[in-house]
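Topology and contacts: notes
What follows is the residue order along each chain.
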Amino acid sequence: MKKMIQDNFEFAAKQYQFLEKATPQDSMPKTFDKNRNISSDVYWWCSGFYPGTLLYIYEYTKKPSILDDAKKRLAILDTVKYYTKNHDLGFMMYCSFGNAYRLTKNEEYKKVILESSKSLATRYRPDAKVIQSWEITDGGLRQKGFVGPVIIDNLMNLEMLEWSSHNSTDKKFANIAESHANTTIKNHFRPDYSSYHVLDYDLNTGEVRKKVTAQGYSDSSAWSRGQGWALYGYTMMYRFTKNPAYLKQAQGVAKFILNNPNLPTDKIPYWDFDAPNIPNELRDVSAASVYASALLELGQYTSGKEKQNYISVAKTILKSLSSSKYRADLGSNGGYLLKHSVGSIPHNNEIDVPLTYADYYFVEALLRYQKWYL
Ligand code: GLY
């Protein structure tokens, strides 16, 4: 594993130079599709992953030029701290500035994180006890009858809120995070611990109006990345709170994923556990990266056979992703590390392409393996 981790970081340091060159300085990388690099503005939900991945690569390699590249991207991301139009602030500002602060202890980065948490907190709806994910004007949601959409992905944004309370005197952020996490346990899961993708809440009463999907195969299916957000989300919430309910939830989700007969032997899931044509369905490498990173952390909070199983599956995922089936050749794949992720099949968007978050959680998992298990 030590050798594999070293090889991946040496590769990443070189490969990301191609991505850096292919991405205009006022933008962030998004994907590589039909032989061309596609970038986004800083308000796309993925804008934090590229600087975050650069920071992880810097953490391992200590190459100053990689830190410089990350800092240039952080400079254009800074303005997002005031953004209040979606729930993704945690992804955008914590994966980026959170890592920047952790590695540099620059107090300016901490201020950015705290301001971003203030912005995210404006989306908390106290009567329903949730953070609203999307504006109802987004994607015609109003026409579809939504009033208070909350998606399972939202759990990931709680990390920035928890961190902000743990690193300031303002407990409001953690209170909001825990309130959202508790409501989500109550409403967002099925008895087998798989989760729905989108719930619509009556924001005055907290009543659940519908349980549907946006990116999964069907309303009742288990969209693979969504299961990853749930696994990572409750594992992370346990880290901050030590609330046994969050550990139990994470263990339940892990059981659903790891015991699922549709999880292939290389542990890279199909895009939805209930996709109708398995094994002739696309894999989603981004979901696998999230699983690996989350399972390694869950291994820190468990013992015995359970812990060994989490580590062993994470190890299989990392080995699979490091193979030529999933990892790009140097200079190919638009400069991204991993191939074969899926953004949204129902929207015919980002199908079987590299994605920034697949790379981000992959390198995070490699560092976690090195820190905890080597
Ligand atoms: N958070 C959006 C996604 O997972 O595609």
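Residues numbered from 1 in each chain as written. Predicted model: local features only at pLDDT ≥ 70, side-chain atom pairs only at ≥ 80, totals over all residues. Heavy atoms only, no water.

Summarising burial for strand β1 (residues 28-33): six of the six residues are buried, a large majority. As paired strands, β1 and strand β2 (residues 36-40) are joined by five bridges and run antiparallel to one another. Across the sheet, the residue bridging to Asp33 is Arg36, located in β2. The turn joining β1 and β2, which pair antiparallel and follow one another in sequence, is formed by two residues; a positive phi near 50° is taken by Lys34. (Buried < 20%, exposed > 50% of the residue type's maximum accessible area, 1.4 Å probe, protein only. Helix = DSSP H or I, 4+ residues; strand = E, 2+ residues; numbered from the N terminus. Pairing = 2+ DSSP bridges.)

What follows covers the site of the ligand. As a matter of local geometry, the ligand sits amid Trp45, Asp153, Gln215, Trp223, Arg225 and Trp229. At 2.7 Å from an oxygen atom of the ligand is found a side-chain nitrogen or oxygen belonging to Gln215. The fraction of the free accessible surface of the ligand (200 Å²) that becomes covered by protein chains is 93%. Broken down by class, the residue content of the shell around the ligand amounts to three nonpolar, one polar and two charged. (Near = heavy atom within 4 Å. Polar contact = N/O pair within 3.5 Å; in protein donor to acceptor, adjacent residues only side chain to side chain. Areas by Shrake-Rupley, 256 points an atom, 1.4 Å probe, with all protein chains shown as cover. Nonpolar A, V, L, I, M, F, W, Y, C, P; charged D, E, K, R; others polar.)

Moving on, we get to helix α12 (residues 356-373). When the terminal C-alpha atoms of α12 are compared, their 25 Å separation across 18 residues agrees well with the 26 Å that a helix rising 1.5 Å per residue should span. Across the 18 residues of α12, 15 count as buried, placing the element largely inside the fold. (Expected span 1.5 Å × (residues − 1).)

This next bit is on the packing of aromatic side chains. Evaluation of the coordinates by the stated rule reveals 27 aromatic pairs. Seen from their ring centres, Phe91 and Trp229 are 5.0 Å apart, and the 65° between their planes marks the pair as edge-to-face. Here Trp229 lies in helix α8 (residues 224-241) and Phe91 lies in helix α4 (residues 89-104), a separation of 138 residues in the sequence. Neither residue differs from the other here; Phe91 and Trp229 are each classed as buried. (Phe/Tyr/Trp six-rings, centres within 6.5 Å; stacked < 30°, edge-to-face > 60°.)

Here the focus is the environment of Met156. Turning to its location among the elements, Met156 is positioned in the loop between β5 (149-151) and α6 (158-166). Residues Met156 and Phe146, 10 residues apart in the sequence, show an inter-C-alpha distance of 22 Å. Not counting the four nearest positions on each side in its chain, Met156 is found in contact with Phe91, Trp229, Tyr232, Gly233 and Tyr361. (Contact = heavy atoms within 4.5 Å.)

Using the criterion set out here, one finds 19 salt bridges in the structure. Between Glu20 and Lys72 there is a salt bridge, and its shortest N-O distance comes to 3.8 Å. You can see Glu20 sitting in helix α1 (residues 2-22) and its partner Lys72 sitting in helix α3 (residues 64-77), a full 52 residues away along the chain. Note on Lys72: relative accessible area 40%, which makes it partly exposed. Put simply, Asp33 and Lys34 hold a salt bridge, and the shortest N to O gap is 3.8 Å. Salt bridges here are not isolated pairs; linked through shared partners, they connect Glu159, Arg239, Glu297, Glu364 and Arg368. (Salt bridge = Lys/Arg side-chain N within 4 Å of Asp/Glu carboxyl O.)

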